[in-house]
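# Descriptive structure summary
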Amino acid sequence: MDAVTFLGVSEGTRMVRKAVPKITKSDEILVRIKATGICSTDVLIMNGKFPVTQGVTLGHETSGVVAEIGAGVTAVQVGDRIAVDGVAGCGKCRLCRKGKSNLCPEGGFANFIGLGKDGGLTEFLITRERFAHRLADYVTHEQAVLCEPFSCLMNAYQKMQPLDEDDDILILGGGITGMLSATFLADQGFKRLTVCQRSLTRRQLVKGQVPEARVVGLEDINLEWQKSGNGDTHWGFDCILETSGNSSAVQDALKYLKIGGKLVVFGCSPKGSEVQVDPFDILVKELTIVGAIIHNDTYKKAVDVVHDLAKKGKLDLSKLGIELFRKADWEKACSRLETREISKAVIMID
């Protein structure tokens, strides 16, 4: 089978031939891949700016059909349509015991499909029974790839707590992560929701997807900040979700927080990025800064969210700026994603 594979920084990413994987354990499932998403993290990987295992098949957002099951599998049957959870902790280490399975040194990134082990930018994938989540008929395979980004969002949403309905929430970045975040938060009933995005084209996309949100440019937020007296402690936002992965946005976010506010760093910045922080502001405003990386046993919740939003008609891929590609066109898909012509690419596997 053909697999989009990261061969190392010097050799780059190429389509290579690999053998179809075989079931070796009783709880394993062979999945015939139908759709796999490509996100900005994949682009960072291909550019050598995000560490992954050399020789790994990329693709951590994937859905497909059960092709074969191990002797002990009972939760799914051959022919079931499923979304594939890509990561879990060992359940035994200090971090897992603290409820931080996403940081598990043996699980987490080490066992994340498309990063630590072979992912879904190919035709077949081996997964475990507990990672297979059945899909209703009204959820397409293309929509199902969004279970993974929503699972990461559910982790970030937990970090955003406690939230009140009248809290001022700012999402920095109007890419796919920002749009999915705004879609979910608006659906949850948050009324004071602002999305900040530099690109006018992206702002128009966000407005079409989330009409309930106030959508502004960075210059608008900076003007509000200046009018407030460059950071009156009672101006600003109770919670900021940084989704862009731009280090300058992380730095700006700190001055946009109200007294007692919280910044959740959710976007993936290139390794080595730096920001300047004034500890005095953190002290006198009692600010909270927290990161949210991948998902933390939140995939099942994300599957429920995708089903709910799909049923409500809120996961129209065209409104989200998502474009579908054939596997042979994966390089074109990555190029259009990198140049920000689209918000996300989904590779349809024949």
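Residues numbered from 1 in each chain as written. Predicted model: local features only at pLDDT ≥ 70, side-chain atom pairs only at ≥ 80, totals over all residues. Heavy atoms only, no water.

### Section: empty space enclosed by the protein
- As enumerated under the stated definition, the model contains one cavity of 30 Å³ or more in all.
- Within this model, the largest cavity holds a volume of roughly 50 Å³.
- As for the largest cavity, its lining consists of V84, D85, G86, I113, K117, L125, I126, T127, R128 and F131.
- The element contributing the most residues to the lining of the largest cavity is strand β6 (residues 124–128), with four residues.
- Considering only residue class, the lining of the largest cavity consists of five nonpolar, two polar and three charged. (1 Å grid on protein atoms, 1.4 Å probe; cavity = no way out; pocket = protein on both sides within 12 Å on 5 of 7 lines; lining within 4 Å. Points joined across faces, edges and corners; volume = space filled by probe spheres on them. Helix = DSSP H or I, 4+ residues; strand = E, 2+ residues; numbered from the N terminus. Nonpolar A, V, L, I, M, F, W, Y, C, P; charged D, E, K, R; others polar.)

### What to know about the layout of surface pockets
- Its volume calculated, the second largest pocket comes out at about 400 Å³.
- Together, 26 residues line the second largest pocket, and N111, K117, I126, R128 and F131 are the ones closest to its centre.
- For the lining of the second largest pocket, the element with the most residues is β6, which contributes five residues.

### Regarding the side chain of K262
- On the secondary structure map, K262 appears in strand β12 (residues 257–265).
- Here the side chain of K262 touches K159 through a polar contact of 2.8 Å, landing on its backbone oxygen.
- When sequence neighbours within four positions are dropped, the list of residues in contact with K262 reads K159, M160, Q161, D238, C239, I240, L257, T288 and V290. (Polar contact = N/O pair within 3.5 Å; in protein donor to acceptor, adjacent residues only side chain to side chain. Contact = heavy atoms within 4.5 Å.)

### Comments concerning the sheet that holds strand β13 (residues 288–291)
- Sheet architecture is open: six strands sit in the order β10-β9-β8-β11-β12-β13, paired in parallel fashion. The strands lining the two open edges of the sheet, one partner per strand, are β10 (214–216) and β13. Averaged over all neighbouring strand pairs, the angle between strand axes comes to 20 degrees, with direction disregarded.
- Sheet analysis places strand β11 (residues 237–242) next to β12, joined by five bridges and oriented parallel. (Pairing = 2+ DSSP bridges. Axes fitted to C-alpha atoms, helices over the stretch in contact; angles between N-to-C directions.)

### Considering the nonpolar core
- Membership of the largest hydrophobic core comes to 85 residues, with the highest contact counts inside it found for L146, F150, M160 and L185.
- Top element by residues in this core is helix α4 (residues 147–160). It accounts for eight residues.
- Non-local contacts of F150, meaning those with residues more than four positions away in its chain, are made with L180, F184, A302, V305, V306, L309 and L315.
- Listed in part, the 18 residues of the second largest apolar core include I221, W235, I240 and L254. (Core = buried A, V, L, I, M, F, W, Y, C linked by side-chain atoms within 4.5 Å. Buried < 20%, exposed > 50% of the residue type's maximum accessible area, 1.4 Å probe, protein only.)

### Some points on the packing of aromatic side chains
- Under the definition given, this model contains three aromatic pairs.
- With 6.1 Å between their ring centres and 75 degrees between their planes, W235 and F237 make a pair best called edge-to-face.
- Assessed through its relative accessible area of 17%, W235 is described here as buried.
- According to the relative accessible area criterion, F237 is buried, its value standing at 4%.
- With 6.3 Å between their ring centres and 80 degrees between their planes, W235 and Y256 make a pair best called edge-to-face. (Phe/Tyr/Trp six-rings, centres within 6.5 Å; stacked < 30°, edge-to-face > 60°.)

### Side note on a nonpolar patch on the surface
- A contiguous nonpolar surface patch, about 220 Å² in accessible area, is contributed by L103, F109 and I293.
- Here F109 is to be found in the loop between α2 (94–97) and β6. (Patch = residues over 30% accessible without salt bridge, like charges linked within 9 Å, V, L, I, M, F, W, Y side chains within 5 Å. Areas by Shrake-Rupley, 256 points an atom, 1.4 Å probe, with all protein chains shown as cover. Salt bridge = Lys/Arg side-chain N within 4 Å of Asp/Glu carboxyl O.)

### Comments concerning unusual backbone geometry
- Q161 connects to P162 through a cis peptide bond whose omega is 0 degrees.
- Tracing the backbone through its elements, the reader meets P162 in the loop between α4 and β8 (169–172).
- Residue I294 is not a glycine yet carries a positive backbone phi of 40 degrees.
- Along the chain, I294 turns up in the loop between β13 and α10 (299–311).
- For I294, a relative accessible area of 8% translates into the label buried.

### Some words on the pattern of salt bridges
- By the definition in use, this model includes 18 salt bridges.
- When the shortest N-O distance is used, the salt bridge between K255 and D252 registers 3.8 Å. Pair noted here: K255 and D252 are both in helix α8 (residues 247–256), with a separation of three residues, about one helical turn.
- E323 is paired through a salt bridge with R336; the nearest N and O atoms lie 2.9 Å apart. Of this pair, E323 sits in strand β14 (residues 322–326) while R336 is found in helix α11 (residues 330–338), placing the two residues 13 residues apart along the sequence.
- Classification of E323 as partly exposed rests on a relative accessible area of 26%.
- Overlapping salt bridges bring together D168, R192, D238 and K258 as one network.

### Focus: the pairing of strand β3 (residues 28–38)
- Across the 11 residues that make up β3, a large majority, nine, are buried.
- Two strands pair when backbone bridges link them, and β3 and strand β4 (residues 61–69) are joined in this way by eight bridges, in the antiparallel orientation. The residue bridging L30 from the neighbouring strand is E68, located in β4.
- Bridging between β3 and strand β15 (residues 344–348) involves four bridges; their strand directions are antiparallel.

### Things to note about α11
- Those residues of α11 lying buried are W330, A333, C334 and L337. Taken end-on, α11 shows its buried residues confined to a sector of 95 degrees, consistent with a single buried face. Relative to its buried face, α11 has exposed residues pointing more than 90 degrees away, namely E331 and K332.
- Elements that come into contact with the buried residues of α11 comprise β1 (2–6), β2 (13–17), β3, α1 (40–46), β14 and β15.
- Just downstream of α11, R340 is the residue with a positive phi angle, here 65 degrees. (Arc of directions from axis to C-beta.)

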